[in-house]
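For reference, the chains in residue letters:
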Amino acid sequence: MGDDALIQSYRLSEWCSNAPILEEDLALTNFALDMTGRAQAMLSYAGQVEGKGRTDDDLAYKRKERDFYNHLIMELPNGDFAYTIARLFFTSTFEFFFFNQLQNSADTTLAAIAAKTIKEVRYHNAHAIDWVLRLGDGTEESHNKIQKAVNELWMFTGELFETEEVDALLRDQNIAVDMPVIADKWKEHVAQVLSEATLTIPESGYMQSGSNKGIHTEHLGHILTEMQYLQRAYPEATW
Amino acid sequence: MELLEKTDKIHETMLKNFEEKIERGDAIEPKDKMPDGYRKHLMRQMSQHAHSEVIGMQPEGNWITRAPSLRAKQILLAKIQDEGGHGLYLYSAAETLGISRDEMIAQLHSGKAKYSNIFNYPALTWADIGAIGWLVDGAAIVNQVSLQRTSYGPYSRAMVRICKEESFHQRQGYEIMANMMKGTKDQQEMAQDAMNRWWWPSLMMFGPHDSESPHTGDAFKWKIKRHSNDELRQKFIDKTVQQAEVIGLTIPDKDLKWNEEKKCYNHGAINWDEFYRVIGGNGPCNKQRMDHHVKVHNEGAWVRAAADAYRLKKEKQLLHL
Amino acid sequence: MATDSQLATWEVFMQSKPGANYIHAGSVHAADKQMALQNARDTYTRRGEGTSIWVVPTDAITASNPDDNDMFFDPANDKVYRHPTFYVMPEGAKAI
């Protein structure tokens, strides 16, 4: 979850000074800031739980590719504005249902982070939905672009709901969330918005997977190369 | 003939009213009558100021993905976002004069409108992010504080808001420099190198010496400008030299000397040839900055068109209900 | 589509705390109401400045003309009886 926030904020921050209108530049930067804050909170807590004294920065800047567990959809390059919006729509819808449940976690730290995050995510989701509608039902060009983005991203959405044995264990202890329930809610919500936006819901086909085991797309390596550059070039330095 | 005399008379009263207002120190508001020259001067200055904020996002934006810690990344993002916000406030203030943001952007792209010369220099290392915040924003703030008392109401109000928000910008830059000067030898060298490259361009930000500044006369008379280029530059130097000393940075000016009589620093000669060369388009990044702005503007066109088309559709649907 | 590529302008009014007056903050560009509201939020409340926002299309606002200031505002200047300090209260009267 921390990696999702970290990598997604990385991609959104790339929009800074690149958005279609100045106001949208500020909005996307706000989202990136929300997510960086969430990454900080999650990674600090992960470090604490691990108990080896690693900080949030250690985890963000000193781990290798195979040790990252973000979903693949987060690391895909931004593409055009339609692609970024379609992704934000898919991920923020997922995060909305996910954190909504996580608020009730028996783990009080996770519950607290979730309670803060849910407010941010609701806003990201509302913003993304408005744009999906505008682009879907705007001009022919925008309709085609967002439809293409939805189609291309679709095969990366299945991974969001994957669970492993350990997840089931945590769920039984009331720490983690119930994924199949979230998956159903997600599908229903996404279908509703896409149809309102006059877009076609892609047929369920093959779904990419791998992040559970640290198997990523080639894009993650480039993100880490940039993100970790200073920490790796000057290992002795603190900034 | 009679009509002409009458218009002259009206014009004269208008000018008199305007000048009396300025004299009293009253703010001029958008619907007030104002001389053409005043309006034009403001449009030029405010749109240049707005463009500078927006173009200024680029050199710093260059380092967002490489910020060395989560905290550093948040600070930098928030700062660049502020620059965008300030551009927006300034565009919005300039629009009250009857020029649209669209027109201002077109003027920027055609080269008719300028932006601050400083952003034509590259941000090469992480220390440059420190130097930009500390020196470039530091210089900008001196100018902006002075502009809070400018005579045009919307401009002055925007400046008040901007100054309030900018107060953290300079501090974050100085903090980066201070941390690096406490760090490894590599970091110290990086910081000094950034200082060496940004010091002189920062001094140039205040514009030519008062003796050579073409627009100064009217701007003072109309209270658009409240302090001269040289006054502001001096203020910046005097406060910055001490800050550099505290963290162990050397100002790259061998002629810099305390003037006991005037209670300020004398500085060496500024390379105005470089200033005019860069303004003339031959700085290291002029083309890159402008190409980027044009590209982003063009690439966003279909998105803005879609938003407009969607609104029209919805309005039509509403009418047919 | 309009020739202006920057979408329409909206005036933003902010309430800084519950119960306070709405004060003009500036303007934003947006295609529709929702966008205007969100853009105002992302532009003018970055430091928690507001509890509520109004957005109004700029061209829906009518402003008084400074040339009419004498007829608009001067006549109110001599109506001192509208202010409580105009009245002489008997000595010793309380809570009035």
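Look up a bit, the structure's there.
Small disclaimer: the values here were computed from a predicted structure and weren't measured. (Residues numbered from 1 in each chain as written. Chains lettered and ligands numbered in written order. Predicted model: local features only at pLDDT ≥ 70, side-chain atom pairs only at ≥ 80, totals over all residues. Heavy atoms only, no water.)

Participant: Would you explain the overall build of chain A in this entry?
Facilitator: Check the secondary structure of chain A and you find 11 helices and 0 strands. Put simply, chain A runs from its N terminus to its C terminus through helices and strands in the order α-α-α-α-α-α-α-α-α-α-α. For 239 residues, the compact-globule estimate of 2.2 N^0.38 gives 18 Å, and the C-alpha radius of gyration of chain A, at 18 Å, lies within 12% of that figure. Taken over the C-alpha atoms alone, chain A extends approximately 55 × 45 × 30 Å along its principal axes. When the 239 residues of chain A are sorted by exposure, 57% land in the buried category. (Helix = DSSP H or I, 4+ residues; strand = E, 2+ residues; numbered from the N terminus. Rg over C-alpha atoms; globule rule 2.2 N^0.38 Å. Buried < 20%, exposed > 50% of the residue type's maximum accessible area, 1.4 Å probe, protein only.)

Participant: Where do I start with the state of the cysteines in this structure?
Facilitator: Formally, a disulfide is one covalent bond, and it connects the sulfur atom of one cysteine to the sulfur atom of another. For the coordinates displayed, the defined rule picks out 0 disulfides over all chains. Here C16 of chain A stays free of any disulfide, with the sulfur of C285 of chain B as its closest cysteine sulfur at 17 Å. Residue classification places C285 of chain B among the buried residues on the basis of a relative accessible area of 4%. (Disulfide = S-S within 2.5 Å.)

Participant: Can you help me understand the interface of chain B and chain A in this one?
Facilitator: By a widely used convention, the size of an interface equals the accessible area lost when the partners come together. Taken together, the 44 residues of chain B in the interface contact 49 residues of chain A. Both faces considered, chain B and chain A share a buried interface measuring about 4000 Å² in area, 67% of it formed by carbon and sulfur atoms. At the junction of chain B with chain A, the criterion picks out 3 salt bridges. K314 of chain B is the salt-bridge partner of D137 of chain A, the closest N and O atoms lying 3.9 Å from each other. At the surface where chain B touches chain A, the tally comes to 17 residue pairs in polar contact (both at pLDDT 80 or more). Only α3 (57-61), α4 (70-95), α7 (153-181), α8 (185-204), α12 (286-299) and α13 (301-320) of chain B provide two or more residues apiece to the side of chain B that touches chain A. Residue contributions to the side of chain B that touches chain A peak at 13 residues, all from α4 of chain B. A per-class count over the side of chain B that touches chain A returns 23 nonpolar, 13 polar and 8 charged. (Contact = heavy atoms within 4.5 Å. Buried area = accessible area lost by both parts, 1.4 Å probe. Salt bridge = Lys/Arg side-chain N within 4 Å of Asp/Glu carboxyl O. Polar contact = N/O pair within 3.5 Å; in protein donor to acceptor, adjacent residues only side chain to side chain. Nonpolar A, V, L, I, M, F, W, Y, C, P; charged D, E, K, R; others polar.)

Participant: Hey, could you run me through the sheet that holds strand β3 (residues 52-57) of chain C in this one?
Facilitator: Note on sheets: strands pair through backbone hydrogen bonds, and any given pair is parallel or antiparallel. Residues and elements named next belong to chain C. Taken in spatial order, the 3 strands of this open sheet run β2-β1-β3, and their pairing is antiparallel. Only two strands of the sheet have a single neighbouring strand rather than two, namely β2 (22-30) and β3. When the angles between neighbouring strand axes are averaged without regard to direction, this sheet yields 30 degrees. Across 6 bridges, strand β1 (residues 8-15) lies against β3 in antiparallel orientation. (Pairing = 2+ DSSP bridges. Axes fitted to C-alpha atoms, helices over the stretch in contact; angles between N-to-C directions.)

Participant: What is the right way to read the packing of helix α2 (residues 22-50) of chain A against helix α5 (residues 81-102) of chain A from this model?
Facilitator: To describe two helices that pack against each other, one gives the angle between their axes and the distance between the axes. All names here are of chain A. Look at α2 against α5: their axes get within 14 Å of each other, and the N-to-C directions meet at 40 degrees. Between α2 and α5, the angle is such that the two are oblique. For the pair α2 and α5, the sense of crossing is left-handed. Within the contact between the two elements, α2 uses E24, L28, F31, M35, R38 and M42 and α5 uses F81, L88, E95 and F99. By residue class, the composition of the contact of α2 with α5 is 7 nonpolar, no polar and 3 charged. (Parallel < 35°, antiparallel > 145°, perpendicular 65-115°, else oblique. Left-handed = near helix turned anticlockwise from the far one by under 90°.)

Participant: Would you explain unusual backbone geometry in this entry?
Facilitator: Glycine aside, negative phi is the norm for most residues, and most peptide bonds take the trans geometry. All names here are of chain A. Non-glycine residue S17 carries a positive phi angle of around 70 degrees. At N174, a residue that is not glycine, the phi angle is positive and equals roughly 70 degrees. Following the sequence through the fold, N174 ends up in the loop between α8 (165-172) and α9 (179-196).

Participant: Help me out: how do you make sense of the interface of chain C and chain A in this one?
Facilitator: Taken residue by residue, the interface counts 13 residues in chain C and 11 residues in chain A. Taking both sides of the interface into account, the surface hidden between chain C and chain A amounts to around 1200 Å²; carbon and sulfur atoms contribute 49%. Looking only at chain C, the three residues that lose the most surface to chain A are Q38, R41 and D42 of chain C, adding up to 45% of its buried area. Connecting chain C to chain A are 1 salt bridge. In this structure, the salt-bridge partner of R134 of chain A is D32 of chain C, at a minimum N-O distance of 2.8 Å.

Participant: Explanation requested: a negative patch on the surface in the structure shown.
Facilitator: Negative charge collects at one region of the surface, where E2, E5, D8 and E12 of chain B lie side by side. The topology assignment puts D8 of chain B in helix α1 (residues 2-24). (Patch = residues over 30% accessible without salt bridge, like charges linked within 9 Å, V, L, I, M, F, W, Y side chains within 5 Å. Areas by Shrake-Rupley, 256 points an atom, 1.4 Å probe, with all protein chains shown as cover. Lys, Arg positive; Asp, Glu negative; His and termini not counted. Charge placed at Lys NZ, Arg CZ, Asp CG, Glu CD.)

Nothing here speaks to function; it is geometry throughout.
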